[in-house]
Amino acid sequence: MPRKGPVPPREILPDPKYGDVIVHKLINKVMKDGKKSVAEWIVYTALESAAKEVNMHPVELLHKVVEKLKPEFEVRPRRVGGATYQVPVEVPPRRQISLALKWLVEAARERARHRGSYTMVERLKAEMLDVLQDKGGAIKRKEDTHKMAEANKVFAHFRW
């Protein structure tokens with residue numbers, strides 16, 4: 001008989017080098033076309049060089065970056081009558097981490113279009129260092145999400 005109810009989340013194993021789940025999730029976000037060894041090299045190199053610059057342990061640095069990027073609120077569309085409202089909702093902890101890592105990688109990839117042709121290692125490192133200084137594309141994305149939730153606070157009563 002098939003199981004009823006929600007499917008439990010897949011267990012993600014910690015990465016081989018640091019034994020940290022968030023590092024592994026970042027590697028998976030950076031990975032393109034299934035090239036995991038390339039993604040691992042990019043993440044490890046970027047983490048180590050950024051950590052050396054700010055004199056921290058690489059895993060500690062990543063955790064600090066993710067903590068700064070975690071959104072507390074986001075807006076979700078909700079149809080009421082004929083209208084669609086952007087309703088602010090709290091972000092669950094797992095989604096906070098996912099969004100933080102997604103924004104970090106997207107902002108790093110976006111850097112190439114605006115500035116010279118850096119390598120992905122340099123862009124990821126630069127984005128992480130920018131987040132620590134409360135600037136950069138990923139921080140802007142978080143602030144925009146919070147502004148949107150704040151602006152639509154009047155629709156919070158549609159959160160059922």
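In what follows, the structure referred to is the one given above.
Residue positions within a chain follow its written sequence, with the count starting from 1. In keeping with the predicted nature of the model, local features appear solely for residues at pLDDT of at least 70, side-chain atom pairs appear and are counted solely at 80 or more, and the whole-chain, interface and lining totals rest on all residues. Excluded from the side-chain calculations are hydrogens and water; all other atoms, namely the structure's heavy atoms, are used.

1. Brief notes about the environment of Tyr85
Examined against the element boundaries, Tyr85 turns out to sit in strand 2 (residues 83-90). Tyr85 sits 71 residues away from Ala156 along the chain, and the two C-alpha atoms are 9.6 Å apart. Only heavy atoms matter for contacts: two residues are in contact if any of them lie within 4.5 Å across the pair. In this view, Tyr85 contacts Arg76, Pro77, Arg78, Val80, Phe155 and Phe158; residues no more than four positions away in its chain are not counted. Counting from the N terminus, the helices are the DSSP runs of H or I reaching at least four residues and the strands are the DSSP runs of E reaching at least two.

2. What about the nonpolar core?
By size, the foremost hydrophobic cluster in this structure holds 38 residues, and its most contacted members are Leu62, Leu104, Leu124 and Met128. Those elements giving two or more residues to this core turn out to be helix 1 (21-30), helix 2 (36-54), helix 3 (58-69), helix 4 (93-114), helix 5 (120-132) and helix 6 (137-151). Looking at which element gives the most residues to this core, the answer is helix 4, with nine residues. By nonpolar core we mean a set of buried residues, namely Ala, Val, Leu, Ile, Met, Phe, Trp, Tyr and Cys, connected to one another through side-chain atoms within 4.5 Å. Burial status follows relative accessibility: with a 1.4 Å probe on protein chains alone, a residue under 20% of its type maximum counts as buried, one over 50% as exposed, and anything between as partly exposed.

3. Quick look at the packing of aromatic side chains
Aromatic rings from Phe, Tyr and Trp, taking only the six-membered ring of Trp, are treated as a pair when their centres fall within 6.5 Å; an angle between ring planes under 30 degrees marks them as stacked, one over 60 as edge-to-face, and anything in between as tilted. Tallying each qualifying case throughout the model produces two aromatic pairs. Residues Tyr18 and Tyr44 carry aromatic rings whose centres are separated by 5.7 Å and whose planes lie at 75 degrees to one another, so their mutual orientation is edge-to-face. Taken together, the residues span a long stretch of sequence, with Tyr18 in the segment before helix 1 and Tyr44 in helix 2 at a distance of 26 residues. Seen in terms of ring centroids, Tyr85 and Phe155 are 4.8 Å apart; in terms of plane orientation they differ by 40 degrees. Their pairing is tilted. Within this pair, whereas Tyr85 is found in strand 2, its partner Phe155 is found in the segment after helix 6, the two being separated by 70 residues in sequence. Judged by its relative accessible area of 23%, Tyr85 falls in the partly exposed class. Given a relative accessible area of 24%, Phe155 falls into the partly exposed group. In this structure, Lys17 packs its charged tip against the face of Tyr44, placed 5.1 Å from the ring centre. By definition here, charges over rings are those cases where NZ of Lys or CZ of Arg is within 6 Å of the ring centre and within 35 degrees of the ring normal.

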